[in-house]
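For reference, the chains in residue letters:
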Amino acid sequence: MTEVSTNLIRTHRFGLSISGGVALGSYEAGVLCQLYRDLAEFNAHQDIVGKAQVRIDAIAGASAGSITGLILAQAIGSGATPDTLEARMRACWIDLLEIHNLLGPSGKKEVEDSLFTGAVVDKIVHEALQIPPPAPPQPQEPIALWITMTNLDGIPFVIDFKRKDEHHAQTNTQLYALDYRDYIPFLIEGSTIRMIADRMVLPVAQAGEAPAPEATWDAAVAAARASSAFPIAFPSQRQQRNLEQYPEYVKFRQAVIDGTLPDKSGQAGLQQQTALPSEATFQFVDGGLFNNEPIGKCIDAVNDLNERYPSRNPNSAESAGQVGRSFIIIEPEPQLPADVEQALTMPTTAHAHSTLPTAMLGKILSAYFNSALYGDFKTVAQTNDQIRALDAALADLDALGLPAEAAEALKTKIREAVGLNDKTAITLQRIPHELTSSKRLAGAFGGHFGGFLRKDFREADFITGQHEARQWLVHWLMLWLTDHCTDVGKRPDEIEAFVQTLFAEDAPSPQTTRIPPHNLTPLELANSGWFPDTEFMKVDPIAARDAALTEQERAAIVRLAEARGELLLNHWFQVSPLVHLGVHLAVGALEHLFNDRFIKVPEN
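Residues numbered from 1 in each chain as written. Predicted model: local features only at pLDDT ≥ 70, side-chain atom pairs only at ≥ 80, totals over all residues. Heavy atoms only, no water.

## Notes on the overall build of the protein
As a reminder, the rule being used: Runs of H or I in DSSP of at least four residues are treated as helices and runs of E of at least two as strands, each being numbered from the N terminus. The contact criterion used is simple: two residues touch if any of their non-hydrogen atoms lie within 4.5 Å. Under the convention used here, a 1.4 Å probe and the Shrake-Rupley method define accessible areas, while residue burial counts only the protein chains that appear.
Tallying secondary structure elements over the protein gives 21 helices and 9 strands in all. Counting only contacts in the protein whose residues sit at least 6 apart along the sequence, the fraction spanning at least 24 positions is 77%. On the protein, roughly 30,100 Å² of surface is accessible, and the fraction owed to carbon and sulfur atoms is 57%.

Structure follows, in structure tokens:
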């Protein structure tokens, strides 16, 4: 498919980095649905058509974000209507991903290696995706979709620190390790999808035949399933990989063949034992373990698009100065200053208990996932600073009076030497764009699994996502259109009033939208949880009771969990009926003790 022409039209493109959030995927779904709807309305506005446009052309997804990103990418590629996308997102995140489906029997024989059944994903594929999708009614730009995952087995690679210059005494300094980070890059062109690098081995009908067209869509679904397989909660996925598409492995294998890797003393070398494979099967789980906010992969996806379609690169001659680019991260629960200050203000008594195994484990997990979430952001910020510093230093070369051609060649060599050739500082946007109270999402309890427990929790977070996406877009459009007001025939002082008229309907409001069956607003439901919120009880005891799970709901969930637990115990350990009875009694006793710790809220 050829690139859709945008000549002489002011164009801005977004790359989306969609993180994991477990049940808070309902918030991300609300954000994406509203963005898709509002951008479609903006691009079709009579004062905008033929003058400006804003598009989404790159998506990187991790964990829950991989499923949401796949649904969105298919909608963009096939030109689906906003109502169609919202219906599919709702089918996935509001209707299907709920506790009874997750803990219930799968209806088919499957390997039981997780708390939740994987059968619900089959329902999502059937109701939230169309494979293969229909051709778009009008040509669409190719869309990049990169999905991250974690390879629990790892792929070997070698790091060689050997100095290449002569007369330098150095013993062997090769390091051997396993890389657990993985990703699959896809390119969607209309109703078709293909892997940019054929990392995943696709099934074929017969030897020598090419995979069927829908096979790559199935591969995208398989990649999303692996990326969203939160360890222990969801089933891990075993998938085959083409190791020829992993350059670091190819380098490792060649070193083995060449005999440059030292063998372990007293043992035969790797090559003598068996030839290293070109394909292998691995076990995959949640991509959020190492890349929960995949901004780095989103940047890589955009760089690939820029190489394929130079007119999308703001720095290329083909873009004629008419193209802009920025990246959006969707962060359901951004950390507030008060959240990160806790490490400095924790009471002395709290530190005394922090050496307990449970407290220590909690700190270790918090440190790990914070590093996984914010590591890429720190790298991006540092790269931006390096690019700005390098540009300032290279500008000083012009003062030396070198011939223009020689100066440009020297600048290129310097950029290549520091690894910043063809790199530019990026602009990062975030939804929500304002730091608000931490109590805004109903499903943000129970390790973000809380939203799975009740439908109105997920509905509330979907609405909050819609509202905050509209808030962000209005704010951004005012800035962007003010910068480019002449392109749309407006004066700077007309932009604010113009933006207010762009959208026919208001986005749902967390403050006023009522959600059945209790008719609470999303903000009221944000005080939900396993038990009523004690502070909210003082303000509105009836709403606090309705926002939280009832005793009957808690008991029903515990029974489901108990039944699933017995099934897993039987599969894992082949335990006897007597042990089953002991587990049942222990769970009942713990449930009774747990509930008695809290004040009961009377039923009306």
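After that view of the structure, there is still more to cover.
## Topic: the nonpolar core
Rules: To qualify as a nonpolar core, a set must consist of buried Ala, Val, Leu, Ile, Met, Phe, Trp, Tyr and Cys residues joined through side-chain atoms within 4.5 Å. Each residue is placed in one exposure class: buried if its accessible area under a 1.4 Å probe, protein chains only, is under 20% of its type's maximum, exposed if it is over 50%, and partly exposed if it falls in between.
Counting residues in each nonpolar core, the largest one holds 113 residues, and the members touching the most others are Met 89, Phe 186 and Leu 477. No other element matches the 12 residues that helix α15 (residues 455-483) contributes to this core. In this view, Leu 477 contacts Phe 42, Thr 482, Val 499, Leu 502 and Phe 503; residues no more than four positions away in its chain are not counted. Among the nonpolar cores identified, the runner-up in size contains 18 residues, and Ala 58, Ala 60, Ile 295 and Phe 327 belong to it.

## Thoughts on the pattern of salt bridges
Inclusion rule: A carboxyl oxygen of Asp or Glu within 4 Å of a side-chain nitrogen of Lys or Arg is what we treat as a salt bridge.
In total, this model carries 31 salt bridges according to the counting rule given. Salt-bridge contacts for Asp 38 lead to Arg 470; the nearest nitrogen and oxygen are separated by 2.7 Å. Of this pair, Asp 38 sits in helix α1 (residues 25-44) while Arg 470 sits in helix α15, and the two are 432 residues apart along the sequence. When sorted by exposure, Asp 38 lands in the same class as Arg 470, which is buried. A salt bridge links Arg 491 to Glu 494; the shortest N-O distance between them is 3.2 Å. Among the charged side chains, a network of salt bridges with common partners joins Arg 13, Arg 55, Asp 57, Glu 141, Arg 312 and Arg 325.

## What about empty space enclosed by the protein?
Defined as follows: The way it works is a 1 Å grid over only the protein atoms, where trapped points that fit a 1.4 Å probe form a cavity and open points with protein on both sides within 12 Å along at least five of seven lines form a pocket, and then any residue with an atom within 4 Å of a point lines it. Grid points are joined across faces, edges and corners, and a volume is the space filled by probe spheres set on the points.
Across all of its chains, the model carries 2 cavities of 30 Å³ or more by this definition. What the largest cavity holds in volume is close to 200 Å³. Taken together, 17 residues line the largest cavity, and the ones lying closest to its centre are Ile 67, Ser 228, Ala 229, Phe 230 and Phe 234. Its boundaries defined by the atoms lining it, the second largest cavity holds a volume of some 60 Å³. Residue lining of the second largest cavity: Ile 67, Leu 70, Val 121, Ile 124, Val 125, Leu 129, Val 221, Ala 224 and Arg 225, and that is the complete set. Going through the elements one at a time, α2 (64-78), α5 (119-128) and α6 (213-227) are the ones with two or more residues in the lining of the second largest cavity.

## A few points about the packing of α1 against helix α3 (residues 82-96)
Cut-off, in case you're wondering: Comment: axis = line fitted to C-alpha atoms, over the contacting stretch for helices; angle = value between 0 and 180 degrees taken between N-to-C directions. Should an angle fall under 35 degrees it is taken as roughly parallel, and over 145 as roughly antiparallel, whereas 65 to 115 is taken as roughly perpendicular and any remaining angle as oblique.
Between α1 and α3, the least distance of the axes is 9 Å, while the angle of their chain directions is 175 degrees. On the basis of the axis angle, α1 is roughly antiparallel to α3. For the pair α1 and α3, the contacting residues are Gly 25, Ser 26, Ala 29, Leu 32, Cys 33, Tyr 36, Arg 37 and Ala 40 in the first and Pro 82, Asp 83, Leu 85, Glu 86, Met 89 and Trp 93 in the second.

## So, a nonpolar patch on the surface
Keep this limit in mind: Patch building starts from residues that exceed 30% relative accessible area and form no salt bridge, then joins like charges within 9 Å and nonpolar side chains (Val, Leu, Ile, Met, Phe, Trp, Tyr) within 5 Å.
Together, Ile 159, Phe 161 and Leu 175 line one region of the surface with nonpolar side chains, adding up to about 280 Å² of accessible area. By the secondary structure assignment, Leu 175 is in strand β4 (residues 174-189).

## Notes on the environment of Pro 517
Tracing the chain through its elements places Pro 517 in the loop between α16 (495-500) and α17 (522-525). Separated by 61 residues in the primary sequence, Pro 517 and Asp 456 have C-alpha atoms spaced 7.7 Å apart.

## Considering the environment of Pro 137
Mapped onto the elements of the fold, Pro 137 is located in the loop between α5 and β3 (143-160). Overall, Pro 137 belongs to the exposed group, its relative accessible area being 68%. Considered as a pair, Pro 137 and Ser 78 are 59 residues apart in the sequence and their alpha carbons are 7.7 Å apart. Setting aside residues no more than four positions away along its own chain, Pro 137 makes contact with Ser 78 and Gly 79.

## Focus on the pairing of strand β7 (residues 279-285)
We count it as follows: Pairing between strands is defined by DSSP: at least two bridges between the two strands are required.
In terms of strand pairing, β3 meets β7 through 2 bridges, oriented antiparallel. Counted as the bridge partner of Asn 151 is Phe 284 from β7. Examined bridge by bridge, strand β6 (residues 237-242) and β7 share 6 bridges and lie antiparallel to one another. Within β7, the position partnered with Gln 239 by the bridge is Phe 282.

## Quick look at α2
Counting along an α-helix, one turn takes 3.6 residues, and residues three or four places apart therefore face a common direction. Selection rule: In this analysis, the expected span of each helix is defined as 1.5 Å times one less than the number of residues it contains.
An ideal rise of 1.5 Å per residue puts 21 Å on 15 residues; α2 measures up with 22 Å between its terminal C-alpha atoms. For α2, the buried fraction is high: 15 of the 15 residues fall into the buried class.

## Quick look at the confidence of the model for the protein
Spelled out, the test is: Confidence scores here are pLDDT values: one per residue, from the predictor, ranging 0 to 100.
Of the residues in the protein, 80% reach a pLDDT of 70 or more, and the chain-wide mean stands at 83. Low pLDDT, under 50, characterises residues 596-604; the predicted model gives this stretch 10 contacts beyond four residues in sequence or across chains.

## Describing unusual backbone geometry
The omega torsion of the bond from Ile 431 to Pro 432 falls at 5 degrees, within 30 degrees of zero and hence cis. Relative to the assigned elements, Pro 432 resides in the loop between β9 (428-431) and α15. The peptide bond linking Pro 516 to Pro 517 adopts the cis configuration, its omega dihedral lying at 5 degrees. Its identity as a non-glycine residue notwithstanding, Ile 232 has a phi of 75 degrees, on the positive side.

## With respect to the packing of aromatic side chains
Stated precisely, the cut-off is as follows: Note on aromatic contacts: the rings of Phe and Tyr and the six-membered ring of Trp form a pair at centre separations within 6.5 Å, being stacked when their planes are under 30 degrees apart, edge-to-face when over 60 apart, and tilted otherwise.
Using the criterion set out here, one finds 13 aromatic pairs in the structure. Between the aromatic rings of Trp 146 and Tyr 183, the centroid separation amounts to 5.3 Å while the plane-to-plane angle is 10 degrees, which identifies the pairing as stacked. In this pair, Trp 146 is assigned in strand β3 and Tyr 183 in strand β4, connecting sequence segments 37 residues apart. Among the residues examined, Trp 146 registers a relative accessible area of 6% and is labelled buried. With 5.5 Å between their ring centres and 85 degrees between their planes, Phe 230 and Phe 449 make a pair best called edge-to-face. Here Phe 230, found in the loop between α6 and β6, pairs with Phe 449, found in the loop between β9 and α15; they are 219 residues apart in sequence, far enough to count as distant. Of the residues examined, Phe 230 reaches a relative accessible area of 24% and is grouped as partly exposed. Judged by its relative accessible area of 18%, Phe 449 is buried.

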